[in-house]
Amino acid sequence: MYKILSDSPRCFCMQAPTHILVGSILQQLFKGERLKPLRYFLLAIFAFLLHGIFDKMAKLTYHPPNANFADTFWVLYHLVVLLTTVVFIYVWGSEYAWGIIFSLLPDLDWLFIHGQKIAGVTVDFYNKPYLHNFLHFVIDNTFDAINQLPDFRFYEWSCLFEVALLFILIILLRSLEKRRRNIHF
Ligand SMILES: [Zn+2]
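From a predicted model like this one, the values you see are computed outputs, not experimental measurements. Throughout, residues of each chain are indexed from 1 in the direction in which the sequence is written. Given that this is a predicted model, residues contribute local features only at a pLDDT of at least 70 and side-chain atom pairs are listed and counted only at 80 or more, while totals for whole chains, interfaces and linings are drawn from all residues.

## Let's talk about the overall build of the chain
How we decide: What counts as a helix is a DSSP run of H or I of at least four residues, what counts as a strand is a run of E of at least two, and both are numbered from the N terminus. With C-alpha atoms as the basis for the radius of gyration, the globule rule is written as 2.2 Å multiplied by the number of residues raised to the power 0.38. Three exposure classes are used, based on other C-beta atoms lying within 10 Å of a residue's own C-beta, which is placed from the backbone: buried for 20 or more, exposed for 12 or fewer, and partly exposed in between. Residues are treated as contacting if the C-beta atoms built from their backbones sit within 7 Å of each other.
Counting secondary structure elements, the chain contains seven helices and zero strands. Moving toward the C terminus, one meets the helices and strands of the chain in the order α-α-α-α-α-α-α. The C-alpha radius of gyration of the chain comes to 17 Å, within 12% of the 16 Å expected for a compact globule of 185 residues. By principal-axis analysis of the C-alpha atoms, the chain measures approximately 55 × 40 × 35 Å. Looking at the chain as a whole, 23% of its 185 residues are labelled buried. Partitioning the contacts of the chain with sequence separation of at least 6, the portion at a separation of at least 24 is 82%.

Shown next, in the form of structure tokens:
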């Protein structure tokens, strides 16, 4: 029995730094593909799907569904996330621009939806997170086990999972870069 496409916006999203690193790793991985169109096609497909998989893992990390500007921890945490995003784009943005763009692409959903609320305008054709709903649909029907992950979104300490994940991804990216340099020289 297929699971249906969800209508409700489910804001289970990994933070941007995680997606930036995943996109960079993918671009580094596909650098060896000599056929340029295939390289970008693979990059786009994998970045899109992995965005969905990593968003599903966001249940393990600190991610209350609603913004709470009265909560000092919430504000500080999101300031650090914003700062980290800027630093990561500065460090990896030029080398892995396409990987990063493809990895962040589904989050255009939230830009449209929240942007409309902030601007006080309503665009009828974009009132649902279509890209995320599609990703949920694909993953729920192929890799449903990931939905069994425990829900730690409301625990502040669970942000450490995402911090640990960032370190692992940085180590992975650095080792891939090193390996490629050793192959070429
Ligand atoms: Zn997302």
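## Examining the environment of Lys31
Checked against the element boundaries, Lys31 lands in the loop between α1 (16-30) and α2 (36-57). As a C-alpha pair, Lys31 and Leu43 span twelve residues in sequence and 9.6 Å in three-dimensional space.

## A short note on the packing of α1 against helix α3 (residues 72-92)
A packed helix pair is summarised by two numbers, namely the angle formed by the two axes and the spacing between the axes. Applied cut-off: Lines fitted to C-alpha atoms define the axes, with helix axes restricted to the stretch in contact, and inter-axis angles between N-to-C directions lie between 0 and 180 degrees. Put simply, angles under 35 degrees are roughly parallel, angles over 145 are roughly antiparallel, angles from 65 to 115 are roughly perpendicular, and the rest are oblique. By definition, any crossing whose near helix is turned counterclockwise from its far helix by less than a right angle is left-handed, and any crossing with a clockwise turn is right-handed. Gly is placed with the polar residues, together with every amino acid not listed as nonpolar (Ala, Val, Leu, Ile, Met, Phe, Trp, Tyr, Cys and Pro) or charged (Asp, Glu, Lys and Arg).
One way to put it is that α1 packs onto α3 with a least axis distance of 8 Å and a crossing angle of 20°. Classified by the interaxial angle, the pair formed by α1 and α3 is roughly parallel. Both α1 and α3 take part in a crossing whose hand is left-handed. Contacts from Ala16, Pro17, Ile20 and Ser24 in α1 reach Val81, Thr84, Thr85, Phe88, Ile89 and Trp92 in α3. Class assignment for the residues of the contact of α1 with α3 results in seven nonpolar, three polar and no charged.

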